[in-house]
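Residue strings, one per chain:
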Amino acid sequence: RPFAGVKLLLPNRFEWHFYNYTRYEYRDTQDLDTHDWYAYHRLRSAFGVEIPLAPRAAAWQPKTWYALAETEPFYRFDGHEIDPVRLRCGFGRILNDRFIVEFLYYAQFSRPGEGEDLEYAENMVRVNLKVGLNPGILDRLLNPAVEE
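Just so it is clear, the structure is predicted and the values come from calculations on it, not from any experiment.

Colleague: So what's going on with the overall build of the chain? Residues and values would help.
Modeller: In terms of regular secondary structure, the chain is built from one helix and seven strands. Ordered by position in the sequence, the α and β elements of the chain form the string β-β-β-β-β-β-β-α. Relative to its full complement of 148 residues, the chain shows a buried share of 31%. For the chain, the proportion of contacts with a sequence separation of at least 24, taken over those separated by at least 6, is 45%. Surface accessibility of the chain: about 9700 Å² in total, with carbon and sulfur atoms responsible for 59%.

So, in C-alpha cells, the structure goes:
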C-alpha cells in the first residue's frame, strides 16, 4: 500500500500537539477466493490532538503520560464518497528518550453498501510501540517546534 503524505503541526503555548496528517494511498488487494484484484485510490486526513497529562514544565518528558484523540475520514475516489471514518482515543506513556508506548481504541464507521449512510461497523484496539535508535530522536521527530 504505497502512500505519500504530510503532517502539519499547530504550535501553541499550552504544549498541546494539534495536527493534521493527510496522505494519499493507492490500494491494490486480491480476493483470495476469486483471485480477482481490486484497486482504488483514497485520501486519508487525520485531525488530532495530543495533550500532556503532566504540569507544563514536565510535559513530554520521560515517565509522563499524555492523552490523544483523532478523527480520520477516508475519501475514496472510486465512489466519490467518504468511507470509512475512524474515531480514535487513547493514552500514551513516554518511557524514556528512546521508547514510547500508546494504547488506542478506534471506532470505525463505514458504508454497508454503495451510496448508503455511514454506520458503526467495528472496534479496534491497538498498541503502538515507538522506538528511536538514537537518544532524543523521538522527541525531535514528534515535537519539532520545541527548541533544544
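Back to the text.
Colleague: Break down the pattern of salt bridges for me, with residues and values.
Modeller: Opposite charge on two side chains makes pairing possible when the charged atoms of those side chains draw close. In total, this model carries eight salt bridges according to the counting rule given. We note a salt bridge from Arg-42 to Glu-25, for which the minimum N-O separation is 2.5 Å. Highlighted residues: Arg-42 in strand 3 (residues 37-52) and Glu-25 in strand 2 (residues 17-30), separated in sequence by 17 residues. Pair check on accessibility: Arg-42 and Glu-25 agree, each one buried.

Colleague: Describe the pairing of strand 1 (residues 3-10), and please don't skip the residues or the numbers.
Modeller: In this sheet, strand 2 lies alongside strand 1 in antiparallel orientation, the contact comprising eight bridges. Among the inter-strand pairings, Leu-10 is bridged to a residue of strand 2, identified as Phe-18. In this antiparallel pair of consecutive strands, strand 1 and strand 2, the connection spans six residues, and Glu-15 shows a positive phi of 65°.

Colleague: Explain the nonpolar core to me, using residue names and the numbers behind them.
Modeller: Counting nine residues, the largest nonpolar core consists of Ala-59, Trp-60, Tyr-66, Leu-68, Ile-94, Ile-100, Leu-104, Tyr-106 and Leu-138. Where this core is concerned, the elements lending two or more residues are strand 4 (64-76) and strand 6 (99-110). Among the elements that take part in this core, strand 6 stands out by supplying three residues, more than any other.

Colleague: Kindly report on the pairing of strand 6, identifying the contributing residues and their values.
Modeller: Direction of pairing for strand 5 (residues 81-94) relative to strand 6: antiparallel, over a ladder of 10 bridges. If you follow Arg-86 over to strand 6, its bridge partner there is Gln-108. If you look at the hairpin formed by strand 5 and strand 6, you'll find four residues sitting between the two strands. Strand direction decides the pairing type here: strand 6 and strand 7 (residues 119-131), joined by 12 bridges, are antiparallel. Bridged to Phe-99 within strand 7 is Val-131.

Colleague: Break down the sheet that holds strand 5 for me, citing the residues and quoting the values.
Modeller: On the basis of which strands lie adjacent, the open sheet formed by seven strands has the order 1-2-3-4-5-6-7 and antiparallel pairing. For this open sheet the edge positions go to strand 1 and strand 7, each flanked by a neighbour on one side alone. Geometrically, the sheet is characterised by an average inter-axis angle of 20° between neighbouring strands, direction not taken into account. Where strand 4 lies against strand 5, 12 bridges are found, and the strand directions are antiparallel. Across the sheet, residue Glu-72 finds its bridge partner in strand 5, namely Arg-86.

Colleague: Explain the packing of aromatic side chains residue by residue, including any values.
Modeller: A full pass over the atoms with the stated rule returns seven aromatic pairs. With a centroid separation of 6.3 Å and an interplanar angle of 50°, the aromatic rings of Phe-14 and Trp-16 are classed as tilted. Its relative accessible area of 42% is what places Phe-14 among the partly exposed residues. Looking at Trp-16, the relative accessible area reads 33%, which means it is partly exposed. Ring centres 5.1 Å apart and planes at 50° place the aromatic pair Trp-60 and Tyr-66 in the tilted group. Neither residue differs from the other here; Trp-60 and Tyr-66 are each classed as buried. An aromatic cluster is defined as three or more aromatic residues linked by ring pairs; in this entry it consists of Phe-14, Trp-16 and Phe-18. Above the plane of the ring of Tyr-19 lies Lys-7, whose end atom (NZ or CZ) is 4.6 Å from the centre. Across from the ring centre of Tyr-40, 3.7 Å away, lies the NZ or CZ of Arg-76, which sits over that ring.

Conventions adopted
Residues numbered from 1 in each chain as written. Predicted model: local features only at pLDDT ≥ 70, side-chain atom pairs only at ≥ 80, totals over all residues. Heavy atoms only, no water. Helix = DSSP H or I, 4+ residues; strand = E, 2+ residues; numbered from the N terminus. Buried < 20%, exposed > 50% of the residue type's maximum accessible area, 1.4 Å probe, protein only. Contact = heavy atoms within 4.5 Å. Areas by Shrake-Rupley, 256 points an atom, 1.4 Å probe, with all protein chains shown as cover. Salt bridge = Lys/Arg side-chain N within 4 Å of Asp/Glu carboxyl O. Pairing = 2+ DSSP bridges. Core = buried A, V, L, I, M, F, W, Y, C linked by side-chain atoms within 4.5 Å. Axes fitted to C-alpha atoms, helices over the stretch in contact; angles between N-to-C directions. Phe/Tyr/Trp six-rings, centres within 6.5 Å; stacked < 30°, edge-to-face > 60°. Lys NZ or Arg CZ within 6 Å of the ring centre and 35° of its normal.

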